[in-house]
Amino acid sequence: MSFDSLPLEIVQLIFDWLPFRDLLSASLVCQSWYYATENPLTRRSWLAIHLDRTNDLTELAWNRRSHRNVLLTMVHSWEQLKPTMDVCSEKVNLRRLSITRAWIDYVCQFFLLYADWLDRVEEVHISLDHRFFRNDTCSGKTYVIRLPTARCLHWSEIHIRRGNRTITVNGPRLKRVSISDSFASKLILILPDCDALESLECTLYRKNFTELYRASFEHLTTLILRIYYTVQNVKFLYSLPRLKWLTLLVELEKELLESLFVDTMDAITGCKLLEGLQLVLMGDTAPCSVDLNRLAESLPLLEQLELNNVYLSPGWKPTAFQRLTLLKLVNVDLREETDILAMHYPALRTISLNAKLLSRISLQAGPNNKLLFVNVESLNLAEALDSYLSPFLKQSSNMVRELILFKPDCYDTVVDSSCPLSGLHNVERLHLINMAISLESLKLIAESNHLKHLTLSKCLIGTKDADEMVILDHLNQLTVSQVQLVNQHQKRFPLATSTGEDLVGEKRYGSIVFDSNGANDELVRKYSLGNKRICPM
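All of these numbers come straight from a predicted model, not from anything done at the bench. All residue numbers refer to positions counted from 1 along the written sequence of the respective chain. Per-residue local features are limited, in this predicted model, to residues with pLDDT of at least 70; the limit for side-chain atom pairs, both in listing and counting, is 80 or more; totals at the level of whole chains, interfaces and linings are taken over all residues. Based on all heavy atoms of the structure, the side-chain values leave hydrogens and waters out of the count.

Trainee: I tried to follow the overall build of the protein on my own but got confused; where do I start?
Mentor: Secondary structure counts use DSSP, requiring at least four H or I residues in a row for a helix and at least two E residues in a row for a strand, with both numbered from the N terminus. A tally of regular secondary structure across the protein gives twelve helices and 33 strands. Relative accessibility thresholds used throughout: buried, under 20% of the residue-type maximum; exposed, over 50%; partly exposed, between the two (1.4 Å probe, protein chains only). Among the 537 residues that make up the protein, the fraction classed as buried is 49%. In what follows, residue pairs with any heavy atoms lying within 4.5 Å of each other are defined as contacts. Considering only contacts in the protein between residues 6 or more positions apart, those separated by 24 or more positions represent 60%. Under the convention used here, a 1.4 Å probe and the Shrake-Rupley method define accessible areas, while residue burial counts only the protein chains that appear. Entry remark: accessible area of the protein is about 26100 Å², with carbon and sulfur atoms responsible for 48%.

Quick look at the structure:
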């Protein structure tokens, strides 16, 4: 069966996988492809209106392409905005609206004047910016924004320093909301009737969560909450009966740290249906202690756990998370130097922690092959392997099959010449990221008995001379991504899996950079947190 004989619905599904630029090119091939790409293009394209540039209203009026998405930017002139919007409201069957770098009073006037046109909008993005105005004559005003059909709202404030206003957003069907506060904001934002919320993300500097949202939260399953510079009571967590994913980043005042942290942990342990928890204490305050036994007993459904900038209480018995598959510990330690933390996690698959913590934990886990992320911090590779990794790999019954060693926030420029003495035991896949390592160390590591796949990403490799070459013929795969050599003029990569292999670097920004075909930074991208899933770091 030829491609042209496929049903239109199938062709549209295929085209929907294309990047937007390729989709545009496909629409120009022939008439049948033009019709097949029309719906995907309409759904994904935006009609952009930049009010700092001259908009040709005649061209806009005669534009034959269908649009559902409108992007307005630099909204700081109502006289300039209105004629353009009059034309758009007649032509566009609006579904998604984005307003960026806008003045709040014009935004509210816009929603009032074009209420009928906005009656079917499904997704709204509003980004407020008051840097365009020197004088504010509308301080103290009250506005209401009605979103009767919207399912998604993104609201952000930038450089809002003048004029107190109260904005009430009525969105009875909102399911996903994202609010980003401004440090100097004087806006009072209220969402009074969003009882349908399922996912909520907030970054708050001046606003208070309980004053911002006045809802039942009976359907809320995902909450991402970042609280800066304000002391807020988190007892509202008790009223989230269906919460499954919680990210809580809080900055607690030193004087109130002890009592607020106790209240926070009490509220978290009250969320009995949690499957994912990320708890991050920000600022320079002394870390507080987290009792893993209490978390395991209170949150029996927990599958993913990240703790950041806290102490762990060793407890009198091993902690036992029965369903935990991912454990991430960042800037975490035990309070006493003699403490050892015993953990029994039968379902654990992925572990992420600092290298020095490896000697402080005793881990019992199920037979599944494990993925271990290790932040080597300031250690060199030989010290990390010999002093911390090798003993841990031995005591963990050789359960680790894939190992990632990384330095997340630095790029070493000096290669350490020391070589590791310990092996990698049963590790089959090794990834080195942001490391400065000698060729001799790589050779010794790659000779480990079970190692079959070696990945180097954003690494610096030191060689003794330009003609040095190491053949790692027992490896099945060698992957290289954005790797440089100490000798910045050497174009031939000194590692290969066979004698016929020859990887040649490309010159970028004055340096020679090496990449394998198809190499990517997927592992580096995993170091961030998704909205719902906590990924290793």
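Trainee: Even after reading the chapter, I still don't get the nonpolar core, so can you show me in this structure?
Mentor: It is characteristic of soluble globular proteins that their nonpolar side chains tend to be buried jointly. The biggest cluster of nonpolar side chains holds 140 residues, and the ones touching the most others in it are Phe110, Phe111, Tyr213, Leu223, Leu237 and Leu292. Sort the elements by how many residues they give to this core and helix H10 (residues 381-395) lands first, with seven residues. Remark: nonpolar core denotes a set of buried residues (Ala, Val, Leu, Ile, Met, Phe, Trp, Tyr, Cys) joined through side-chain atoms within 4.5 Å. With five residues, the next largest nonpolar core counts Leu371, Phe373, Ile404 and Phe406 among its residues.

Trainee: Explanation requested: the packing of aromatic side chains in the structure shown.
Mentor: The relation between two aromatic rings is expressed through the spacing of the ring centres and the mutual angle of the planes. Stacked, edge-to-face and tilted are the three classes for Phe, Tyr and Trp ring pairs, Trp counted by its six-membered ring, which pair at centre distances within 6.5 Å; planes under 30 degrees apart are stacked, over 60 edge-to-face, the rest tilted. Enumeration over the complete set of coordinates arrives at eleven aromatic pairs. Pairing Tyr114 with Trp117 gives two aromatic rings, centres 6.3 Å apart and planes at 75 degrees, and the pair type is edge-to-face. The structure contains a cluster of three or more aromatic residues connected by ring pairs, namely Phe110, Phe111, Tyr114 and Trp117.

Trainee: Quick question: what am I supposed to make of the environment of His453 here?
Mentor: Along the chain, the position of His453 falls in strand S26 (residues 453-457). Ignoring any residue separated from it by four or fewer positions in sequence, one finds His453 in contact with Glu428, Arg429, Leu430, Leu475, Gln477 and Thr479. Pairs of N or O atoms are called polar contacts if they sit within 3.5 Å, as long as, within protein, a hydrogen donor faces a hydrogen acceptor (for residues adjacent in sequence, only side-chain-to-side-chain pairs). At 3.3 Å, the side chain of His453 forms a polar contact with the side chain of Thr455. Engagement of the side chain of His453 in a polar contact is seen with the side chain of Thr479, the distance being 3.2 Å.

Trainee: Can you walk me through the sheet that holds strand S7 (residues 165-170) in this structure?
Mentor: Where strands meet in a sheet, backbone hydrogen bonds hold them as pairs that are either parallel or antiparallel. Two strands pair if DSSP finds at least two bridges between them. In space, the three strands of this open sheet follow the order S5-S7-S9, with parallel pairing throughout. Looking along the sheet, the strands with just one partner apiece sit at the ends: strand S5 (142-146) and strand S9 (187-190). Ignoring which end each strand starts from, the neighbouring axes of this sheet average 20 degrees apart. Examined bridge by bridge, S5 and S7 share five bridges and lie parallel to one another. In the strand pairing of S7, Thr142 is matched with Thr166. Structural elements are reduced to axes, namely lines fitted to C-alpha atoms, with helices fitted over the stretch in contact, and the angle between N-to-C directions of any two is expressed from 0 to 180 degrees.

Trainee: Please clarify how the pairing of strand S17 (residues 326-330) should be interpreted in this entry.
Mentor: Burial analysis of S17 places five of its five residues in the buried class, the great majority of the element. Of the two faces of S17, both are covered, the one formed by Leu326, Lys328 and Val330 as well as the one formed by Leu327 and Leu329. Two elements, strand S15 (residues 304-308) and S17, share five bridges in a ladder whose sense is parallel. The residue of S17 that forms the bridge with Leu307 is Leu329. Two strands pair when backbone bridges link them, and S17 and strand S20 (residues 350-354) are joined in this way by three bridges, in the parallel orientation. In the sheet register, Leu326 faces S20, and the bridge partner there is Thr350.

Trainee: Help me understand the sheet that holds strand S25 (residues 436-438), please; the structure alone is not making it clear to me.
Mentor: If you trace the three strands from one edge of the open sheet to the other, you get S25-S27-S30, paired in parallel fashion. Two strands lie at the open edges of the sheet, namely S25 and strand S30 (484-485), each paired on one side alone. Summarising the sheet, S25 and strand S27 (residues 460-462) pair through three bridges and their orientation is parallel. Counterpart to Ala436 in the pairing with S27 is Leu460. In the packing of helix H11 (residues 439-446) onto the sheet, contacts are made with S25 and S27, and the angle to S25 comes to roughly 80 degrees.

Trainee: Explanation requested: the pattern of salt bridges in the structure shown.
Mentor: Where side chains of opposite charge bring their charged atoms close, a pairing between them can arise. For this document, the term salt bridge refers to a Lys or Arg side-chain nitrogen within 4 Å of an Asp or Glu carboxyl oxygen. Throughout the structure, instances matching the rule amount to 15 salt bridges. Linking Glu402 and Arg429 is a salt bridge whose minimum nitrogen-to-oxygen distance equals 3.6 Å. One end of the pair, Glu402, is in strand S23 (residues 400-406); the other, Arg429, is in strand S24 (residues 429-433), with 27 residues separating them in the sequence. Between Arg492 and Asp502 there is a salt bridge, with the nearest N and O atoms lying 3.4 Å from each other. With Arg492 in the loop between S30 and strand S31 (495-496) and Asp502 in the loop between S31 and strand S32 (506-508), the pair connects residues that are ten residues apart, well separated along the chain. The exposure class of Arg492 is partly exposed, given its relative accessible area of 39%. Under the relative-accessibility criterion, Asp502 is labelled partly exposed at 47%. A cluster of three or more residues bridged by salt bridges with shared partners is formed by Glu157, Asp181 and Lys207.

Trainee: Honestly, unusual backbone geometry in this entry has me stumped. Any pointers?
Mentor: One can expect most non-glycine residues to show negative phi and most peptide bonds to be in trans. The backbone phi angle of Glu377 is positive, close to 55 degrees, even though this residue is not glycine. Structurally, Glu377 is set in the loop between strand S22 (370-375) and H10. With relative accessibility at 33%, the residue Glu377 sits in the partly exposed group. Positive phi is not limited to glycine here, since Gln482 has a value of about 55 degrees. Position of Gln482 relative to the elements: it lies in the loop between strand S29 (477-481) and S30.

Trainee: Help me understand the side chain of Thr455 in this model?
Mentor: Here Thr455 shows up in strand S26. Those residues within four positions of Thr455 in sequence are excluded, and the remaining contacts are Leu430, His431, Leu432 and Thr479.

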